[in-house]
Amino acid sequence: MDRLIQNSLIDLFAANDVGLVPDEDWLLTADDDGSDDGDYPAIRGIWHDGKDGGMGRLDVDIVLDEDRTIEESFGGIGAGKVGVRDALDTFARNDFHVVLAACWHVVNPKKLVVRELSAGSHRFTAYIGDFTLRGESDAPMEIPEDGLSALEAAIATAPLTEDIHWIRVFYGNVGDGKTQVEVLLDNEPWAAGHKAIASVDWPQHDRYYSLRNFIALVPAD
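Throughout what follows, the structure given in this document is the object of discussion. (Residues numbered from 1 in each chain as written. Predicted model: local features only at pLDDT ≥ 70, side-chain atom pairs only at ≥ 80, totals over all residues. Heavy atoms only, no water.)

## A look at the packing of helix α4 (residues 146-156) against helix α5 (residues 191-198)
Between α4 and α5, the least distance of the axes is 8 Å, while the angle of their chain directions is 155°. Here α4 is positioned roughly antiparallel relative to α5, judged by the angle of their axes. Remark: the crossing between α4 and α5 carries right-handed chirality. Only Ala-192, Gly-193, Ala-196 and Ile-197 of α5 make contact with α4, whose side of the interface consists of Gly-147, Ala-150, Leu-151 and Ala-154. (Axes fitted to C-alpha atoms, helices over the stretch in contact; angles between N-to-C directions. Helix = DSSP H or I, 4+ residues; strand = E, 2+ residues; numbered from the N terminus. Parallel < 35°, antiparallel > 145°, perpendicular 65-115°, else oblique. Left-handed = near helix turned anticlockwise from the far one by under 90°. Contact = heavy atoms within 4.5 Å.)

## A short note on the sheet that holds strand β5 (residues 69-76)
Read across the sheet, five strands follow the order β1-β2-β3-β4-β5 without closing on themselves; strand pairing throughout is antiparallel. What marks the edges here is a single partner per strand, and that holds for β1 (20-23) and β5. Each strand axis lies, on average, 25° off the axis of its neighbour in the sheet, ignoring direction. With eight bridges connecting them, strand β4 (residues 56-63) and β5 associate as antiparallel partners. If you follow Leu-58 over to β5, its bridge partner there is Phe-74. Most of the contacts of helix α2 (residues 81-94) go to β5, to which it runs at about 130°, and overall it touches β3 (38-48), β4 and β5. (Pairing = 2+ DSSP bridges.)

## Section: the nonpolar core
Counting residues in each nonpolar core, the largest one holds 33 residues, and the members touching the most others are Ile-43, Ile-62 and Trp-104. Looking at this core, the elements that each hand over two or more residues are α1 (2-14), β3, β4, β5, α2, α3 (96-104) and β12 (209-219). A per-element tally of this core places α3 first, with eight residues. Excluding residues that lie within four positions of it along the chain, Ile-62 makes contacts with Ala-42, Ile-43, Arg-68, Thr-69, Ile-70, Val-99, Cys-103 and Trp-104. Formed by 28 residues, the second largest nonpolar core is a distinct cluster that contains Ile-155, Tyr-171, Trp-190 and Ile-197. (Core = buried A, V, L, I, M, F, W, Y, C linked by side-chain atoms within 4.5 Å. Buried < 20%, exposed > 50% of the residue type's maximum accessible area, 1.4 Å probe, protein only.)

Rendered as structure tokens:
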């Protein structure tokens, strides 16, 4: 699985003009001089098989520098390589263009929204990915207009430092009136973000669906 993951990531980044160099489990950013050396940012993916044929998990780590690492996980439906490819597809649709812009400075405006936001006295360029849907494929899904505005209001009062920050939003409609909400800021649970997302009037359906969103905040020049 490791080779499949590495090759898939190399191809995905290469299609967006970013070269990656293998270094054991990691893929380093290729130097501009064309040598085999690499540097930060670095990325790796680790696959965990599901229990008793259940959903597996792909962990993706992106090292920004010696002190900071983006940690993301993606479920994969299917056994073996099928599950790995499904999880890689979720990464490509949800996080990829956000981290590509924030960490590798390659911005595709067709794949994300770029906004200027403030948090306290700091100004940030926000790279905002699409809300991606899993489940309830038969029902059209409209994202509430206040979905992002509620989160932006929480960002405005967050005690952020003048560094890169990242936010991952997960909303699950269980189907029996219950919901699942998880909002992480820099890999850690974020109470204000959770409150903001939980306050939104998300669509209710009888069957399960989930929405996922990824945002990166980069200090503005």
